[in-house]
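If you want the building blocks of each chain, they are given just below.
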Amino acid sequence: MVSGNIFHFRKNSWPPEEYINRTSLQLLDFDSGAPPEQAWRRKLNTHASILKEFSITFMEAIKMITLGIRLWSYVREEASHGRRAPIDPFNREGKPLASQGVPLGGMGSGSITRGFRGEFRQFQIIPGTCDSSPVMANQFSIFISREGGHKKYASVLSPGQHEGIGKCTDQGLSSWGWNLSGQHSTYHALFPRAWTVYDGEPDPDLKVSCRQISPFLPHNYRDSSLPTAVFVYTLVNTGKERAQVSLLLTWANSIGGISHLSGDHVNEPFIGEDGVSGVLLHHKTAKQNHPVTFAIAACETQNVNVTVLPSFGLSEGNSVTAKEMWGKMAQDGQFDQANFNSGPTVPSSSGDANCAAVSASTWVEPNGRCTVAFAVAWSSPKVKFMKGKSYHRRYTRYYGTSERAAENLVHDALTNYKRWEEEIEKWQNPILKNDKLPEWYKFTLFNELYFLVAGGTVWIDTPLPTADFVHGQQRHPKAILNTNGGHNGIGDNGFAHDDESSVTTSSEDEPEAPEREDRKRSLELYSGSYNDNEDVGSFLYLEGVEYVMWCTYDVHFYASFALLELFPKIELSIQREFARAVLFEDTRKVKFLADGKWGIRKVKGAIPHDLGTHDPWHEMNAYNIHDTSKWKDLNPKFVIQVYRDFAATGDLSFGTEVWPAVCAAMAYMDQFDRDNDCLIENDGFPDQTYDAWTVHGVSAYCGCLWLAALQATAAMAAQLGDGATAEAYKTKFIKAKASFEAKLWNGSYFNYDSGSSNNSKSIQADQLAGQWYMAAAGLPNLFDDAKIRSSLQKIYDFNVMKVGGGRMGAVNGMHPNGKVDETCMQSREVWAGVTYGLAATMIHAGMEEQALTTAEGIFTAGWSEDGFGYAFQTPEGWTMDGHFRSLVYMRPLAIWGMQWALSPAKVVLNAPLINMMDRVPESPSISSSETSVKKMVHKAKCLSGSVFNCSC
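In this text the structure is predicted, and so the values were computed from the model without any measurement.

**Student:** Teacher, can you tell me more about the side chain of Ser 699 here?
**Tutor:** Here Ser 699 lies in the loop between strand 26 (696-697) and helix 14 (700-719). Discounting chain neighbours no more than four positions away, the residues touching Ser 699 are Asn 682, Cys 704, Phe 740, Leu 744, Tyr 752 and Asp 753.

**Student:** Could you clarify how one ought to interpret the packing of aromatic side chains in this entry?
**Tutor:** Note on aromatic pairs: each is described by the distance of the centres and the angle between the planes. Applying the stated criterion to the full structure yields 61 aromatic pairs. An angle of 70 degrees between the planes, with centres 5.4 Å apart, marks the rings of Trp 772 and Tyr 773 as edge-to-face. The same class applies to Trp 772 as to Tyr 773, namely buried. Lys 632 extends its terminal NZ or CZ atom over the ring of Phe 672, reaching a point 4.5 Å from the ring centre.

**Student:** What's the story with the side chain of Glu 741 in this structure? I'm lost.
**Tutor:** Relative to the helices and strands, Glu 741 resides in helix 15 (residues 723-744). For the buried Glu 741, which has no salt bridge, the nearest side chain bearing the opposite charge is Lys 787, at an N-O separation of 4.3 Å. When near neighbours in sequence (up to four residues on either side) are disregarded, Glu 741 contacts Phe 750, Phe 783 and Lys 787.

**Student:** Looking at this structure, I do not really get unusual backbone geometry. What am I missing?
**Tutor:** Glycine aside, residues mostly have negative phi, and peptide bonds are mostly found in the trans state. Here the residue pair Phe 191 and Pro 192 is connected by a cis peptide bond, since its omega of 10 degrees sits within 30 degrees of zero. The residue Pro 192 is located in the loop between strand 7 (185-190) and strand 8 (193-199) in this model. Looking along the chain, the bond that leaves Glu 201 and enters Pro 202 is cis, with omega of -5 degrees. Residues other than glycine seldom take positive phi values, yet Asn 621 does so here, at roughly 60 degrees. The topology assignment puts Asn 621 in the loop between strand 24 (598-602) and helix 12 (634-649).

**Student:** Quick question: what am I supposed to make of the confidence of the model for the protein chain here?
**Tutor:** Close inspection of predicted coordinates is inappropriate in any region flagged by low pLDDT. Of the residues in the protein chain, 85% have a pLDDT of 70 or more, and the chain-wide mean is 86. Considering only residues more than four positions removed or in separate chains, one finds that residues 1-14, a stretch of pLDDT under 50, has 42 contacts. For the stretch residues 915-952, pLDDT sits under 50, and the model shows 81 contacts to residues farther than four places along the chain or on other chains.

Rules and cut-offs
Residues numbered from 1 in each chain as written. Predicted model: local features only at pLDDT ≥ 70, side-chain atom pairs only at ≥ 80, totals over all residues. Heavy atoms only, no water. Helix = DSSP H or I, 4+ residues; strand = E, 2+ residues; numbered from the N terminus. Contact = heavy atoms within 4.5 Å. Phe/Tyr/Trp six-rings, centres within 6.5 Å; stacked < 30°, edge-to-face > 60°. Buried < 20%, exposed > 50% of the residue type's maximum accessible area, 1.4 Å probe, protein only. Lys NZ or Arg CZ within 6 Å of the ring centre and 35° of its normal. Lys, Arg positive; Asp, Glu negative; His and termini not counted. Salt bridge = Lys/Arg side-chain N within 4 Å of Asp/Glu carboxyl O. pLDDT = per-residue confidence, 0-100.

Rendered as structure tokens:
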């Protein structure tokens with residue numbers, strides 16, 4: 001369990017002497033070499049404990065046995081086709097460790113994580129695949145020689161021995177100097193930067209700071225797509241002798257795991273502009289994936305000399321072994337200058353590693369200071385999905401599709417990183433310097449953003465050209481609506497329908513993507529118009545590295561605050577894709593594993609659960625446990641997210657574009673109102689994001705979302721000038737609200753559902769999810785203040801404070817007798833993202849103290865030094881004993897919902913007065929008039945003051 005001695009509870013916790021002393025901080029405090037006060041911290045000798053994975057109870061196993069059999073069969077079937085099932089609980093690779101750190105690179109071009117102990121791991125270069133094991137040849141090392149030669153030090157800058165290094169007598173990595181204890185070295189993380197401070201290790205008279213910088217720059221849609229990172233070393237010599245310091249970066253020609261042993265890999269030295277020199281590592285991937293080229297480089301200056309070793313191996317028989325390479329550096333502190341002229345290496349043989357090294361050497365005077373900068377980049381211009389379709393990554397818009405783009409990327413990284421840091425500090429400082437915010441919140445807020453890099457993100461160059469949802473010889477889905485009223489060819493929604501000749505998404509066997517003008521024409525077909533300022537491409541991120549589904553929408557509901565706050569154009573592009581998907585159906589048959597029944601892949605009018613796995617955008621709903629066309633939360637979540645984004649950006653063009661989808665999504669839900677009280681009912685199975693937690697009748701969660709959707713639809717209709725629809729939905733809202741309160745309000749909170757099961761009166765932490773969004777979107781509260789505060793106080797007293805003394809987050813379900821609801825594994829779990837969303841709801845309701853205490857439980861259990869070890873891999877949830885489920889998960893990005901609530905008003909559009917009327921006139925029936933939509937399109941414009949930078 002979580003213990004009580006945690007540094008964040010101290011009133012003045014910086015700088016704690018056990019991390020780094022003030023003298024060292026002052027010495028390093030130039031050129032941003034000193035870490036910030038607000039950062040997540042670890043000593044490098046901290047033990048990386050093995051994390052504990054959840055297990056189901058005997059009764060849960062009995063209930064799930066038929067699902068388990070069907071899932072096992074499905075996993076085997078997918079494997080027979082060389083594919084990974086989107087959910088596969090049967091095949092686990094390795095044991096997860098509490099050793100993660102800040103990932104490298106921007107968004108959408110693959111990622112690599114550097115653990116806090118210095119190892120490079122979590123390689124996600126191929127979409128949907130994540131190799132968590134470290135590539136131990138990828139290291140920084142240091143060689144120090146004091147003037148006179150009496151004192152010499154050499155060490156890998158990663159403490160202790162590691163798995164996979166081998167025997168000490170071989171020619172490989174064990175021959176290196178693994179001499180760092182880590183006792184006086186610390187790691188400081190404030191995403192997208194990290195600092196590792198070596199306070200007198202390995203040389204007692206040398207202070208070293210390594211600063212890691214990645215181009216994650218809010219509202220900068222160019223640099224934030226770049227697959228590169230910089231490492232800036234700050235050296236301070238406190239000794240009496242002049243010191244020659246050589247820093248070494250070694251890198252294996254590998255994309256993780258044992259891919260470096262597959263053969264045919266080539267390394268090539270280069271000398272670039274502005275003193276940037278290094279080695280390109282051309283990697284030939286397996287399974288017909290596109291090749292990857294790495295670049296490792298350092299920047300030569302008047303004081304820094306850069307040399308390279310293009311190739312060395314890890315075993316005897318290589319022309320240069322790892323042992324020989326290390327010996328050369330220990331003796332000379334550099335490689336031969338002639339190596340730059342050696343040209344490309346011969347392709348590596350199968351079973352042989354092909355590694356490269358870059359050295360940067362400098363002299364540091366007594367009491368002198370010096371900086372040395374390295375960069376790493378990787379270029380994989382095309383991203384290929386398992387079922388064959390390929391796209392150009394976003395960064396190719398600026399760097400082209402040549403495999404040599406990696407050389408330009410490291411050059412630009414080394415010449416631009418100071419500007420990147422200025423942008424990062426300008427963004428972060430207002431929060432970091434806000435004395436009203438607790439320390440833990442500041443760095444957890446930024447560090448949870450790791451997921452937008454390490455969450456398997458894919459960002460392609462342009463919006464999809466005429467998406468078709470089709471694969472192989474299957475029939476095309478049918479359009480059910482477009483704003484021109486047409487059903488054939490390409491309508492205003494931008495999708496190709498039944499004409500196969502109009503499908504333009506490239507496959508593996510097709511030629512390169514079209515030139516700029518052809519791409520422009522594809523854009524015009526897709527969106528009806530082309531505006532380069534608004535073209536942010538298409539963006540995908542996984543539900544989690546274990547649940548491999550792109551843009552899972554019920555989870556995006558929680559995570560989307562981060563995108564809306566930091567990259568609003570990406571957020572709107574995702575909403576547009578789901579809006580278009582509403583209006584289509586895909587009639588291919590799918591077997592649903594929970595009940596074994598067959599249905600169609602995508603039902604018209606229903607929001608898809610996800611954008612797919614192996615053929616995203618074209619084969620949606622990879623999730624096949626339940627038939628999500630019968631889920632009750634997806635459509636309401638779409639409507640209220642769209643309204644929030646519409647209100648926050650003031651983008652009326654966006655509003656008019658998605659309005660037909662909003663109307664269709666709302667009309668689809670009418671089938672679930674069985675008693676004509678304008679309130680939807682659940683169907684006695686887990687038909688919502690809690691997909692193991694059965695619901696009967698009206699539910700607090702889905703019902704509250706539905707009320708929010710009714711109010712949001714009325715508000716949006718009023719904003720767009722459709723008064724009849726606004727009045728009709730206001731009428732439905734008032735009737736539904738009365739029914740909801742009558743069926744679920746028990747005097748202090750809303751019951752879990754209106755059924756008669758033993759958990760129907762449970763206290764659900766997420767019961768006010770719809771109210772959260774109404775407050776965030778600037779709309780009136782769904783209920784009176786007393787009911788909202790009473791419900792939140794009940795959740796706080798029971799779901800939060802009765803679980804680990806309030807230091808674990810909010811458990812999803814709690815019986816009114818104070819015992820955890822153990823109906824299913826999800827009811828007894830703490831979900832980090834739900835807890836953050838609950839805290840945001842509390843902030844909106846004026847309960848800031850309870851909100852911060854609630855959210856602090858996630859920090860304490862997940863991120864703190866005495867917690868469970870989930871830093872930079874926050875899972876979906878954990879149990880009372882700290883067993884996790886689904887590491888590296890999307891939902892915890894909901895902490896940005898807290899920041900949205902803590903910040904000044906974010907909405908541009910005021911709530912229409914229609915929602916505040918308490919008397920209901922007779923209203924016409926609800927209709928999505930195509931004529932009114934057309935009129936609105938012509939008069940649409942953007943409002944001033946929007947956080948969305950429109951170019952109207």
